[in-house]
Amino acid sequence: MGGKSDAADGPDQTTERLTFMLAISAFMAAFGTSFQYGYSSSVVDQPANIIKEFYNQSYSSFYSVPLTESSITVLWATTVSVMCLGGLLGSFLVVPLTERFGRKGALLISNVFSLIGAILFGFSKMANSYHMVIIGRIFVGVQHALSITVVPMYLAEVSPTSLRGGISVMHQAMLTVGILLAQILGLEQILGSETLWPVLLAFYAVPSGLQLAIMPFLPESPRYLLINKQDEMASRSALKRLRGTSEVDGAIQEMRLEHENEMKEPKITVIALLKSRSLRPQLIIAVGVMMANQLSGINAIFAYVTSIYENAGVPEDTSAYATIGTGAVNCVVCLGSVFIIDRVGRRPLLIWPLLVMTITFALLTITQALTENLFCDCCPNGRFGSASGEVCPPADLVDLEPYNNPYQWISYLSIAFIIIFIFAFAIGLGSMPGVFGGELFRQGARPAAMSIQSVTHWICNFIIGLVFPILQEAMGAYVFLIFMVFCALSGLYFYFRLPETKNKTFDEIQTLFGVEQQEEEEGVGNTAFSKEEVGEGGGGVNNTQVESAL
């Protein structure tokens, strides 16, 4: 697209600013929807033992026999993982909801599922039914599938080109806020108590209610209105509200160019997208970033963090607060990435943090392996000594307190490496799936691409939840080596295959991948020209460039 007109070069400079309407629209979309998924990720962790006891009482009242220890474990694992089932079901609703009701409409509809879940959670203890908790997790899982797809789509489409990255990161930023708030509210002194845990689980009603009250008065995606609904007047009106100016001709012309390509192409379904060779590089990157996000080891880090703090001398009754501090680091750094992604670019914020994560995993494997191998039953209160017994304190010192653990500094190193890892993840890989899912595709392919990305997310989420505890039990600290290799391979792939998309329009991003030339050859895809139109477009790149992107 080397010969674009000036109008197509980008929106008017007067529109490239953050207005109040744009800020409130992005905030309400992310807080009302993405926040809920982050909240779900942590809300059942702190009151787990209390809810398990409720499960036992409820089961006994229904079946007149108590649950065995193994049965409670299975039932709790079902409670945690059943959300993935709801997520998979919700992934198949993305395309029909976003196409028929629009991006804003799909966000509003998603709250129906979370409100049903909140009602089930809130009355589960009163009804003495553990079934209501499990069913409620399925409903909120459907909502979460829509949150990780529709929110990035909406944020990308309402944003000016120069602000698209930062605004798209609002999705992940609000997700981390949800994680942090769930950790705080889950403390026994707040809502994680025997009487208030149903209120803790039902907290979804708050962001859902706020979004249902405010979002109807905020603009719909201008791209959806112009390209999908072919309503230029409504699109102009939405753009004027979002940009705070009547000078929106540049943005309209850029969308018209995309609309012209949309008119030449067949409707992009999930199957058509999977078959399209021209869109395969973008799809591989979008799916790859989502896989890297889920399989990077962040779940392993949070699984280890409490025990690592305790080994470093943090008292058991205050280790929950230390874990909250770790979540705060994740939240603050992710919020900070909102302000730098459009300055630094996507490639550096994805590739360099992956390198840091790889090195951190190597070092964390060493420190945690030393910690585990230096653990000895002969030491007082199960503290550190030596597996061979050579470094254990003499028998007459065993009962002396306090015992100064000579290896405690190793746990301090582990804490430092964990903080570095979370910093790198939050500023890079944690923020990127929504950004790339929203901007690597034109309007016609975007819903299908986000649906595929969502399915990938939930499958990886389920696999990690199922396999990680087994690997952790079998490998101990060496489980980090698996994630280290995955981070290294991901970083190498993105280094060689990922172009920089900062400050690029959606059409310009397609040019980076050589879409037009390839689509003319295969006849289908994101701009799929018919046979009669082949040869009219020009401006693509050669087939060698396209094949190299694969």
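What comes next concerns the included structure. Sequence order as written defines residue numbering, which begins from 1 separately in each chain. The model is predicted, so local features are restricted to residues of pLDDT at least 70 and side-chain atom pairs to those at 80 or more, both for listing and for counting; the totals for chains, interfaces and linings are taken over all residues. Each side-chain value is worked out from all heavy atoms of the structure, with water and hydrogens disregarded.

**So, the overall build of the protein chain**
Then step 1. In this description a helix means any DSSP run of H or I spanning at least four residues, a strand means any run of E spanning at least two, and both kinds are numbered starting from the N terminus. Secondary structure summary: the protein chain contains 26 helices and 0 strands in total.
Then step 2. For this analysis, residues touch if any pair of their heavy atoms sits within 4.5 Å. For the protein chain, the share of sequence-separated contacts (at least 6 apart) that also reach a separation of at least 24 residues comes to 81%.
Then step 3. Computed by Shrake-Rupley with a 1.4 Å probe, the accessible areas treat only the displayed protein chains as cover when residues are assessed. When the accessible surface of the protein chain is summed, it comes to about 22,200 Å², and 64% of that surface belongs to carbon and sulfur atoms.

**Observations regarding the environment of Gly 141**
Then step 1. With respect to the helices and strands, Gly 141 occurs in helix α5 (residues 130-158).
Then step 2. Using a relative accessible area of 0% as the deciding quantity, one classes Gly 141 as buried. Burial classes: relative accessible area under 20% of the type maximum marks a residue as buried, over 50% as exposed, and values in between as partly exposed (1.4 Å probe, protein chains only).

**Considerations on the environment of Val 329**
Then step 1. Mapped onto the secondary structure, Val 329 falls in helix α16 (residues 319-337).
Then step 2. Classification of Val 329 by relative accessible area gives partly exposed; the value is 25%.
Then step 3. As for Val 329 and Ile 419, which are separated by 90 residues in sequence, their C-alpha atoms are 7.5 Å apart.
Then step 4. Beyond its immediate sequence surroundings of up to four residues, Val 329 is in contact with Ile 419 and Ile 422.

**Thoughts on a nonpolar patch on the surface**
Then step 1. Among the surface-exposed residues, Trp 352, Leu 355, Ile 359, Leu 363, Ile 366 and Leu 370 lie close enough to one another that they form a single nonpolar patch of about 580 Å² accessible area.
Then step 2. Position of Trp 352 among the secondary structure elements: in helix α18 (residues 346-373). Each patch is assembled from residues with relative accessible area greater than 30% and no salt bridge, linking like charges that lie within 9 Å and nonpolar side chains (Val, Leu, Ile, Met, Phe, Trp, Tyr) that lie within 5 Å. Salt-bridge detection follows one rule: a side-chain nitrogen of Lys or Arg within 4 Å of a carboxyl oxygen of Asp or Glu.

**What about the packing of helix α4 (residues 94-127) against helix α9 (residues 205-214)?**
Then step 1. Two numbers describe how α4 lies on α9: the axes approach to 9 Å, and their chain directions differ by 150°. Relative to α9, the element α4 lies roughly antiparallel. Crossing hand, α4 versus α9: left-handed. Residues Leu 107, Leu 108, Asn 111, Ser 114, Leu 115 and Ala 118 of α4 lie in contact with α9, whose contacting residues are Ala 205, Ser 208, Gln 211 and Leu 212.
Then step 2. For this classification, Asp, Glu, Lys and Arg are treated as charged, while Ala, Val, Leu, Ile, Met, Phe, Trp, Tyr, Cys and Pro are nonpolar and the rest, including Gly, are polar. Class assignment for the residues of the contact of α4 with α9 results in 6 nonpolar, 4 polar and no charged. Fitted lines through C-alpha atoms give the axes, limited to the stretch in contact for helices. The angle between two N-to-C directions lies from 0 to 180 degrees. For classification purposes, angles smaller than 35 degrees are called roughly parallel, those larger than 145 roughly antiparallel, those between 65 and 115 roughly perpendicular, and all remaining angles oblique. Each helix crossing is assigned a hand: it is left-handed if the near helix lies turned anticlockwise from the far helix by less than a right angle, otherwise right-handed if that turn is clockwise.

**Considering the packing of aromatic side chains**
Then step 1. Only rings of Phe, Tyr and Trp enter the pairing, Trp through its six-membered ring, and a pair is recorded when the two centres are within 6.5 Å. The plane angle decides the type: under 30 degrees is stacked, over 60 is edge-to-face, the rest tilted. The tally for this structure, following the rule as stated, stands at 19 aromatic pairs.
Then step 2. Here Phe 62 and Tyr 63 contribute two aromatic rings whose centre-to-centre distance is 6.2 Å and whose plane-to-plane angle is 40°, an arrangement assigned as tilted.
Then step 3. Of the residues examined, Tyr 63 reaches a relative accessible area of 44% and is grouped as partly exposed.
Then step 4. A network of ring pairs unites the aromatic residues Phe 54, Tyr 55, Tyr 59, Phe 62, Tyr 63, Trp 76, Tyr 130 and Trp 197 as a single cluster.
Then step 5. Working rule: Lys NZ or Arg CZ, within 6 Å of ring centre, within 35 degrees of ring normal, means a charge sits over the ring. Directly above the aromatic system of Phe 506 lies the positively charged group of Arg 164, at a separation of 4.8 Å from the ring centroid.
Then step 6. Taking the ring centre of Tyr 495 as reference, the NZ or CZ of Arg 347 above it sits at 5.5 Å.

**Side note on the pattern of salt bridges**
Then step 1. In this structure the tally under the stated criterion is 10 salt bridges.
Then step 2. As a salt-bridge pair, Arg 236 and Asp 249 come within 3.0 Å of each other at their nearest N and O atoms. One end of the pair, Arg 236, is in helix α11 (residues 232-243); the other, Asp 249, is in helix α12 (residues 249-264), with 13 residues separating them in the sequence.
Then step 3. On the basis of relative accessible area, Arg 236 is assigned to the partly exposed category, the value being 22%.
Then step 4. Exposure remark for Asp 249: the relative accessible area of 35% places this residue in the partly exposed category.
Then step 5. The network of salt bridges with common partners includes Arg 164, Asp 342, Arg 346 and Glu 439.

**Considering helix α23 (residues 479-497)**
Then step 1. With 19 residues, α23 extends 28 Å between its outermost C-alpha atoms, agreeing within 8% with the 27 Å of an ideal straight helix rising 1.5 Å per residue.
Then step 2. Turning to α23, its buried residues number three or more, namely Val 479, Phe 480, Phe 483, Met 484, Cys 487, Ser 490, Gly 491 and Phe 494. Viewed end-on, α23 has its buried residues packed into an arc of 135°, placing them on one side of the element. Turned more than 90 degrees away from the buried face of α23 sit Leu 489 and Phe 496, all of them exposed. A helix is expected to reach a length of 1.5 Å times the quantity of its residues less one. The arc in question is traced by the directions running from the helix axis to the C-beta atoms.

**Considerations on unusual backbone geometry**
Then step 1. We note that Ser 64 has phi near 65°; this positive angle belongs to a residue other than glycine.
Then step 2. Tracing the backbone shows Ser 64 in the loop between α2 (48-63) and α3 (69-91).
Then step 3. For Gln 230, which is not a glycine, the phi torsion comes out positive at approximately 55°.
Then step 4. Mapped onto the fold, Gln 230 is located in the loop between α10 (222-228) and α11.

**Looking at helix α1 (residues 20-43)**
Then step 1. Bend at a residue means the angle formed by two fitted axes: the first through the 7 residues ending at that position, the second through the 7 residues beginning there. Its axis deflected by about 35° at Phe 31, α1 carries its strongest bend there.
Then step 2. With 19 of 24 residues buried, α1 lies mostly within the body of the structure.

**A word on empty space enclosed by the protein**
Then step 1. Only protein atoms enter the 1 Å grid used here. Points where a 1.4 Å probe fits but cannot escape make up a cavity, open sets with protein on both sides within 12 Å along at least five of seven lines make up a pocket, and a residue lines them when an atom lies within 4 Å of a point. Grid points are joined across faces, edges and corners, and a volume is the space filled by probe spheres set on the points. The final tally for this structure, using the stated rule, is 1 cavity of 30 Å³ or more.
Then step 2. Empty space within the largest cavity amounts to approximately 90 Å³.
Then step 3. In this structure, the largest cavity is lined by 14 residues; those nearest its centre are Ser 159, Thr 161, Arg 223, Arg 243 and Glu 254.
Then step 4. Those elements that provide at least two residues to the lining of the largest cavity are α11 and α12.
Then step 5. If one sorts the elements of the lining of the largest cavity by residue count, α12 sits on top with 3 residues.
Then step 6. A class-by-class count of the residues in the lining of the largest cavity yields 7 nonpolar, 3 polar and 4 charged.

**Describing the packing of helix α7 (residues 170-185) against α16**
Then step 1. Where α7 contacts α16, the axes come no closer than 9 Å and their chain directions differ by 160°. Regarding the angle of α7 to α16, the classification is roughly antiparallel. Along this stretch, α7 crosses α16, giving a crossing that reads as left-handed. Mapping the contact onto sequence places Gln 172, Ala 173, Met 174, Thr 176, Val 177, Leu 180, Gln 183 and Ile 184 in α7 and Thr 323, Ile 324, Gly 327, Ala 328, Asn 330, Cys 331, Cys 334 and Leu 335 in α16.
Then step 2. Residues of the contact of α7 with α16, tallied by class, amount to 10 nonpolar, 6 polar and no charged.

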